[in-house]
Amino acid sequence: MRTAGHLLAKILHDIKPAIKKGATTLEIDGMIESEILRLGLVPECKGYAGYKHATCISLNDGVVHGVPSDKVVLKSGDFVKIDVVASYRGFCADMARFYFVGNVSLDVKKLADVAQWALDSAITLAIEGNHLSDISACIQKIVEKEGFGVVRKFAGHGIGRNLHEDPEIPNYGKPGLGPILRRGMTLAIEPMITMRGFDVKTMGDGWTAKTVDGSIAAHVEDTVLVTVGAPEILTRFSCSEN
Ligand code: MF3
Ligand code: CO
């Protein structure tokens, strides 16, 4: 999982210059898939429940599961979220990063900052002895204090040999509930937040999830190993960046 995570983190870091005006989300998906294969990883989204691509690329009011398309052409001001899962020798890592195309509004930057802050804060709680819902409560508290919404329909999850394993990790809830975390557990923590309403709808392609009220949404995700002390973030390749 660590190998998959470090390589994926590098891919999502290095792809940054390609997330620019005029690029299509299908082209970006293709570049990421090529890198995944070149590095000896398996793109786990492809074939998952019939999904046809290596990545999910969601724009603006898209929350998650945006389907890459040659009809989606990036323009200045777009807020892009890329979510990708890959495995190495059968063990998965799941992560999402966000990108700005040209100039995005200050509101979008604030939303992105809060999503990142919620994720980083929640990760510090992935320690042996804490309750699972401490993570959920931490995310909700930070996001709502800033006046943003927490999406209820999707959640983080355990991860390992399979992309989705128990437990489910909602991004809201009361602290001190649910299973107690133990060293060796691996969790995909992924706040999904919106500027206003948190209701989401699935579009006609059967995948793309957008906010009902058209609010811009942010999503960021890491796969984390629970330890006794500081958690190990498996999907970052250095302590400071990505
Ligand atoms: N990270 C996404 C999730 O946890 C992965 C989706 S793969 C897909 O839902 F095949 F469902 F797109
Ligand atoms: Co996930």
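Residues numbered from 1 in each chain as written. Chains lettered and ligands numbered in written order. Predicted model: local features only at pLDDT ≥ 70, side-chain atom pairs only at ≥ 80, totals over all residues. Heavy atoms only, no water.

The immediate surroundings of ligand 1 are formed by 13 residues, with C45, H65, D83, D94 and H164 found nearest. Note that a nitrogen atom of ligand 1 is positioned 3.0 Å from one of the side-chain N or O atoms of D94. Coverage of ligand 1 by the protein chains reaches 95% of its 330 Å² of free accessible surface. Its residues assigned to classes, the shell around ligand 1 shows 6 nonpolar, 3 polar and 4 charged. (Near = heavy atom within 4 Å. Polar contact = N/O pair within 3.5 Å; in protein donor to acceptor, adjacent residues only side chain to side chain. Areas by Shrake-Rupley, 256 points an atom, 1.4 Å probe, with all protein chains shown as cover. Nonpolar A, V, L, I, M, F, W, Y, C, P; charged D, E, K, R; others polar.)

This part is about the side chain of H219. For H219, the location among the structural elements is in strand β13 (residues 217-219). A polar contact is formed between the side chain of H219 and the side chain of E190, at a distance of 2.8 Å. If sequence neighbours within four positions are ignored, H219 has contacts with V63, V64, K81, D83, A96, F98, E190, P191 and M192. (Helix = DSSP H or I, 4+ residues; strand = E, 2+ residues; numbered from the N terminus. Contact = heavy atoms within 4.5 Å.)

All right, on to the coordination of the cobalt ion (ligand 2) then. Protein coordination at the cobalt ion (ligand 2): the donors are D94 (OD), H157 (NE2), E190 (OE) and E221 (OE), at 2.1 to 2.3 Å from the metal. The motif formed by the donor residues of the cobalt ion (ligand 2), counted along the single chain, is D-x62-H-x32-E-x30-E. One end of the pair, E190, is in the loop between β9 (186-189) and β10 (192-194); the other, E221, is in the loop between β13 and β14 (222-225), and 31 residues separate them in sequence. Like E190, the residue E221 is buried in the burial classification. (Donors = N, O, S within 2.8 Å, 3.2 Å for Na, K, Ca; no water. Buried < 20%, exposed > 50% of the residue type's maximum accessible area, 1.4 Å probe, protein only.)

Another point: the pairing of β14. The alternating pattern of β14 places D222 and V224 and T223 and L225 on opposite faces, both of which are buried. In terms of strand pairing, β9 meets β14 through 4 bridges, oriented antiparallel. Counterpart to L187 in the pairing with β14 is V224. Summarising the sheet, β14 and strand β15 (residues 232-233) pair through 2 bridges and their orientation is antiparallel. If you follow L225 over to β15, its bridge partner there is E232. Remark: 6 residues form the turn of the hairpin made by β14 and β15, two consecutive strands paired antiparallel. (Pairing = 2+ DSSP bridges.)

Here the focus is the sheet that holds strand β12 (residues 209-211). Across the sheet, 3 strands lie side by side as β3-β12-β11; this open sheet has antiparallel pairing. Across the chains shown, the open sheet's two edge strands, defined by having one partner strand only, are β3 (62-64) and β11 (200-202). Here the strands of the sheet are splayed against their neighbours by 40° on average, with no regard to which way each runs. Where β3 meets β12, 2 bridges bridge the pair, whose relative direction is antiparallel. Along β12, the bridge assignment pairs G62 with K210. (Axes fitted to C-alpha atoms, helices over the stretch in contact; angles between N-to-C directions.)

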